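Residue-level structural notes
In case you want the letters, here they are:
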Amino acid sequence: MEENKDNANPIILSASDLPSRLREGVTKERKDGGTGLFDGLIPAYGYPYDPFELPSSPSAISSDDENEVVEAIDEQEVYDLIATICDPEHPLSLGSLSVVNLPDIHITGPSSPRSKISTVLVEITPTITHCSLATVIGLGVRVRLEQALPPRFRVDVRIKEGTHSTADAVNKQLGDKERVAAALENGTLMGVLRKMLSTCE
Amino acid sequence: MSHPYTIPSHQITPLATLTPSSTTRSWQTQPHPTLPIIASASSDKTVRIYSLTSFTLLSNITGGHKRSIRSCAWKPNTKGESVLATGSFDTSAGIWRRWDVEGEGVRSEYDFTRAAKGDGSDGEEEDDEEWRFSVILDGHESEIKGVAWSAGGQYLATCSRDKSVWIWEELEEDNFETVAVLQEHEGDVKCVTWHPQEDLLASGSYDDTIRLYREDLDDWSCVAVLNGHGATVWSLAFEPVGNKKWLSEVEGLSGEQQALLEEREKSGSRLISCSDDKSIRVWRRRPKEESVGSNHKGGMPSILRTNSIEEDWYEEARLPQTHERAIYALDWSKKSGMVVSTGSDGKIIVYKERWKESSPTTDTAKDGEQLPDAPTQDSPTASTEWYVVAELEGGHDVFEINHVCWAARRDKDKRFEDEEVIISTGDDGEVKVWALEQG
C-alpha cells in the first residue's frame with residue numbers, strides 16, 4: 001500500500017502547530033484524548049465555524065445574498081475552510097501536511113468602488129515536486145471555496161512557485177472554469193473529491 | 001485602468017431579465033436568425049427558448065443530453081422550420097427541429113399568452129412536444145465546447161476537449177456525414193466560428209492559438225495559425241459583412257483612408273478574439289493577390305495551388321484592455337459595427353472603431369494602438385483605433401458572465417430601425433437583455 005503512494009512519508013504537523021484564532025491560551029493539544037482531569041478547563045479544539053453546519057447555526061457563514069451586507073472574510077477563515085480537506089492519499093488534512101499554509105492565502109478586495117468582486121488566491125504546496133495528485137488537491141481547494149464563500153469571491157488556486165515540476169500545466173487546468181465545471185460532472189472524480197471534502201479529523 | 005480617450009458616450013441600461021430563468025449556471029444564449037426568439041444553453045441539461053418580444057419562456061427543451069449543454073447554434077437559411085444544434089459535456093451534439101408557426105409576430109404573441117396562462121408547467125409540456133430531437137452526433141471523445149453552422153447552413157462544426165474540430169455536412173435531412181476531423185490543436189478547442197462569406201472555419205484553443213481551416217481538393221486542412229494570445233482563446237467572431245460602411249460614412253476621407261478601406265475590402269472579414277490573457281485582438285488577412293502575384297508567375301500549377309491555400313493573417317489591432325479577469329465572450333454587431341465583450345469580472349463592455357487622428361508620432365502608451373507587426377511600409381498610413389463606448393460593472397451582480405451577444409430589438413419599445421439589444425448570460429442562470437443608450 002505504502003509503496004504506491006507518491007509520498008509515503010510526508011512531514012506532518014501537529015494540530016496544535018496549525019494556525020488558529022483559538023490557539024491562544026492552549027498550550028498543548030493532546031491527541032490521545034487527555035487524562036480527563038482538565039478537559040473541562042481547556043477549550044475544545046475546533047475551527048471558528050464548520051461550513052457544513054446548518055445555516056441556522058450562528059457560526060455558519062451567513063449568506064449575504066439577501067441583505068447585501070458585505071461580511072469581511074479574512075485569510076484565516078479561508079485557511080480554516082481548506083486546511084481540513086483530506087489529502088487524497090493520506091488520512092491527513094491538507095493543513096497538517098502543509099499543503100495549504102496561511103501565508104500563501106491572499107485576499108484582494110474590489111479593484112474599484114463600483115466593483116463588488118474580491119479575489120482569493122491560494123497557493124498550494126504539493127508534498128513532493130512530481131505529485132500527480134496536485135491537480136486533484138487544487139480542484140478540492142477550489143471547489144471547497146467556491147461552495148463555501150459568497151459568490152462575490154473569485155477563487156484562484158495555483159501551485160506555489162518552485163514546488164512542482166508541471167506547475168504551469170496544473171495552474172492552467174485549475175484556472176479553467178469550463179474544465180472545472182466538466183470535472184464536477186464526472187462521477188468518479190466527484191467521488192474522490194467528496195471523500196477529500198469530508199473533513200479529516 | 002485609465003483610457004486616454006474614454007469617457008464612455010453610451011450607457012448599458014437594463015431592459016429585462018428573461019423569466020423564468022435557470023436556477024443553475026447558464027452558458028450561452030443565441031438569437032434566432034429571423035424569429036424574435038433566443039435559445040439559452042444551461043448546465044441543467046436543457047435549452048430554454050425565450051421570446052424577445054415578451055421576455056418570457058416559450059419552451060424548455062429537455063431530455064436530449066445527459067450533462068451540461070455548453071453551447072447552441074441556430075441553423076441559418078431554414079424555410080418554415082427552425083433547427084437548433086446543441087453541444088454538451090456528454091460528448092454529443094444534438095439537432096432539434098420545430099415547424100415554424102404562422103407569421104413570426106403572431107406566433108410569439110400566441111406563445112406569450114399561452115405561457116403566461118399556464119404559468120410555466122402546463123404550457124411548457126405542450127411546447128416541448130413541438131421540439132423534436134432529430135439526430136444525435138456522436139464522435140467526440142470528451143466534452144463538446146462549441147458548435148457553429150457555416151453561413152449557408154451546409155456545414156456544422158463542433159469542437160471538444162479532445163483537441164479536435166469536426167465538420168459535419170447534412171447530406172439530406174437528418175443524415176449527417178463527418179467530412180473532416182481536424183486535430184491541429186494541442187489542447188481543448190474552446191470555440192469555433194465560420195466566416196460570413198467563405199467556407200473558412202476558425203477555432204480557438206486552450207493551446208493559446210487560433211487556427212483557420214478551409215477545404216482544398218476535397219480535404220479540409222489548416223490554412224493559418226494565429227499566434228499571439230498568452231492564454232486560452234475563449235471566443236472568436238468574424239466581422240459581419242458590410243461592416244466597412246461605418247468608417248466609410250465619415251465625410252472627407254483622405255486618400256490614405258480610402259486606400260486602407262480598399263485594402264481591407266480585399267482582406268475580407270476580419271477576425272476578433274478574446275482570451276484568458278484579458279486581451280481582445282483583431283486579426284486581418286493579407287490580401288492574397290500580392291503574395292501569389294509576386295512569388296509565383298506561370299509554372300507548376302499544382303504547387304501553386306497548394307501554396308495558395310495558406311493564408312497570412314496578422315494581428316491588426318488590440319482593443320483597450322478594460323477587463324480584469326478572463327474574457328469569455330465577445331460578439332461583433334452586424335448593424336452597428338460595435339463589439340461587445342464580457343467575462344469573469346462581470347463587466348459588459350462595448351467598443352467601437354474610428355479613424356485615428358493623424359499624428360506622425362505614435363504614442364506607444366496608448367490603448368488600442370496599431371501594433372508594431374502590422375504592415376507599415378507597403379500599406380496605407382491611415383489607421384483606426386478602438387475605443388470604449390460603454391462599460392457596465394456587475395451585469396449579473398457578483399456573478400461571472402459567460403456569454404454576451406447582439407440581437408435585433410423586438411419588443412414594443414424599440415426606438416429605431418435596426419436597434420439592437422445586448423444579451424448576457426451568467427453563472428446566476430439568468431439571461432438579461434440590455435439597451436445601449438446615448439449619454
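Residues numbered from 1 in each chain as written. Chains lettered and ligands numbered in written order. Predicted model: local features only at pLDDT ≥ 70, side-chain atom pairs only at ≥ 80, totals over all residues. Heavy atoms only, no water.

1. Observations concerning the overall build of chain B
Put simply, the rule is: Put simply, DSSP H or I for four residues or longer makes a helix, DSSP E for two residues or longer makes a strand, and each gets a number counted from the N terminus. Only protein chains enter the accessibility calculation, which uses a 1.4 Å probe; a residue whose area is less than 20% of its type maximum is buried, one above 50% is exposed, and one in between is partly exposed. In this analysis, two residues are considered to be in contact whenever any of their non-hydrogen atoms come within 4.5 Å of each other. Residue exposure ignores everything except the shown protein chains as possible cover, and the areas themselves are Shrake-Rupley values with a 1.4 Å probe.
Secondary structure assignment for chain B yields six helices and 28 strands. Looking at chain B as a whole, 59% of its 439 residues are labelled buried. Within chain B, contacts between residues separated by at least 24 positions form 63% of all contacts whose residues are at least 6 apart in sequence. Here chain B displays about 18,300 Å² of accessible surface, and carbon together with sulfur accounts for 46% of that area.

2. Considerations on the pattern of salt bridges
Residue and element names in this part refer to chain B. So the rule is basically this: Here a salt bridge means any side-chain nitrogen of Lys or Arg lying within 4 Å of a carboxyl oxygen belonging to Asp or Glu.
Applying the stated criterion across every chain yields a total of 53 salt bridges over all chains. A salt bridge links R214 to E198, with the shortest nitrogen-to-oxygen separation between them at 2.6 Å. Here the residue R214 occupies a position in strand β16 (residues 210-216), and E198 occupies one in the loop between β14 (189-194) and β15 (200-205), the gap between them amounting to 16 residues. Among the residues examined, R214 registers a relative accessible area of 18% and is labelled buried. K432 serves as the salt-bridge partner of E430, at 3.9 Å between the closest nitrogen and oxygen. E430 sits in the partly exposed class, given a relative accessible area of 25%.

3. Observations regarding the packing of aromatic side chains
To describe a pair of aromatic rings, one takes the distance between the centres and the angle between the planes. Let me state the cut-off plainly: Pairing of aromatic rings covers Phe, Tyr and Trp, the last through its six-membered ring, and needs centres within 6.5 Å; plane angles under 30 degrees mean stacked, over 60 mean edge-to-face, and all others mean tilted. Working rule: Lys NZ or Arg CZ, within 6 Å of ring centre, within 35 degrees of ring normal, means a charge sits over the ring.
Tallied over the entire structure, the rule returns 11 aromatic pairs over all chains. Aromatic side chains W149(B) and F176(B) sit 6.4 Å apart centroid to centroid with 55 degrees between the ring planes, which places their arrangement in the tilted category. Taken together, the residues span a long stretch of sequence, with W149(B) in strand β10 (residues 144-149) and F176(B) in strand β13 (residues 175-182) at a distance of 27 residues. When the centroid spacing of 5.4 Å and the interplanar angle of 25 degrees are considered together, the rings of W166(B) and W168(B) count as stacked. Take W166(B) and W168(B): they sit in the same class, and that class is buried. Sitting above the plane of the Y206(B) ring, R179(A) keeps its charged end 4.2 Å from the centroid. Over the face of the ring belonging to Y387(B) we find R354(B), whose NZ or CZ atom lies 3.9 Å from the ring centre.

4. Topic: the packing of helix α1 (residues 75-83) of chain A against helix α2 (residues 134-148) of chain A
Residue and element names in this part refer to chain A. In plain terms, the rule: Axis lines are fitted to C-alpha atoms, over the contacting stretch for helices. Their N-to-C directions set the angle, which ranges from 0 to 180 degrees. Convention used here: angles under 35 degrees read as roughly parallel, angles over 145 as roughly antiparallel, angles from 65 to 115 as roughly perpendicular, and any remaining angle as oblique. Working rule for handedness: look at the near helix, and if it is turned counterclockwise from the far one by less than a right angle, call the crossing left-handed; if clockwise, right-handed. In this count, Pro and Cys sit with the nonpolar residues alongside Ala, Val, Leu, Ile, Met, Phe, Trp and Tyr, while Asp, Glu, Lys and Arg are called charged and the others, Gly among them, polar.
Between α1 and α2, whose axes approach to 9 Å, the crossing angle comes to 125 degrees. As far as their axial angle goes, α2 and α1 are oblique. Here α1 and α2 pass one another in a crossing that is right-handed. Packed against α1, whose contacting residues are V78, L81 and I82, the element α2 presents V141, R144, L145 and A148 at the interface. A per-class count over the contact of α1 with α2 returns six nonpolar, no polar and one charged.

5. Digging into the sheet that holds strand β2 (residues 118-124) of chain A
Residues and elements named next belong to chain A. Rules: Paired strands, in this sense, are two strands between which DSSP finds at least two bridges.
The strand order across the open sheet built from three strands is β1-β2-β3, with neighbouring strands paired in mixed fashion. Edge positions in the sheet fall to β1 (105-108) and β3 (153-159), since each has one partner strand and no second. Neighbour-to-neighbour, the strand axes of the sheet open up by a mean angle of 15 degrees, direction not taken into account. Pairing of β2 with β3 involves seven bridges; the strand directions are parallel. When the sheet's bridge partners are listed, L121 is paired in β3 with D156.

6. Comments concerning the UniProt feature "domain: MIP18 family-like" (unreviewed entry) in chain A
Defined as follows: UniProt positions are given in the numbering used here, feature names are shortened, and annotations may be inferred rather than shown by experiment.
Taken from the UniProt record, the annotation "domain: MIP18 family-like" (unreviewed entry) applies to residues 75-157 of chain A. End C-alpha atoms of residues 75-157 of chain A are separated by 14 Å, and the span's content is 29% helix alongside 19% strand.

7. What to know about the UniProt feature "repeat: WD" (unreviewed entry) in chain B
Residue and element names in this part refer to chain B. Here, the residues flagged by UniProt with the feature "repeat: WD" (unreviewed entry) are residues 62-96, 137-169, 182-213 and 417-439. Taken end to end, residues 182-213 comprises 0% helix and 53% strand; its first and last C-alpha atoms sit 9 Å apart. Helix makes up 0% of residues 417-439 and strand 65%. Its end C-alpha atoms lie 20 Å apart.

8. Digging into the interface of chain B and chain A
We apply this condition: Take the accessible area each of two parts loses on contact, using a 1.4 Å probe, and add the two losses: that sum is the buried area. In protein, a polar contact means a hydrogen-donor-capable atom and an acceptor-capable atom, both N or O and within 3.5 Å, with residues adjacent in sequence counting only if both atoms are side-chain atoms; elsewhere, any N or O pair within 3.5 Å suffices.
Tallying the contact residues gives 29 residues for chain B and 23 residues for chain A. A buried area of about 2,200 Å², summed over both sides, lies between chain B and chain A, and 43% of it is on carbon and sulfur atoms. By the criterion of area lost to chain A, the three top residues of chain B are Y206(B), R325(B) and V398(B), representing 30% of everything that side buries. Linking E400(B) and R154(A) is a salt bridge whose minimum nitrogen-to-oxygen distance equals 3.6 Å. Taken together, the links from chain B to chain A amount to 18 residue pairs in polar contact (both at pLDDT 80 or more). Counted by class, the side of chain B that touches chain A contains seven nonpolar, five polar and 17 charged residues.

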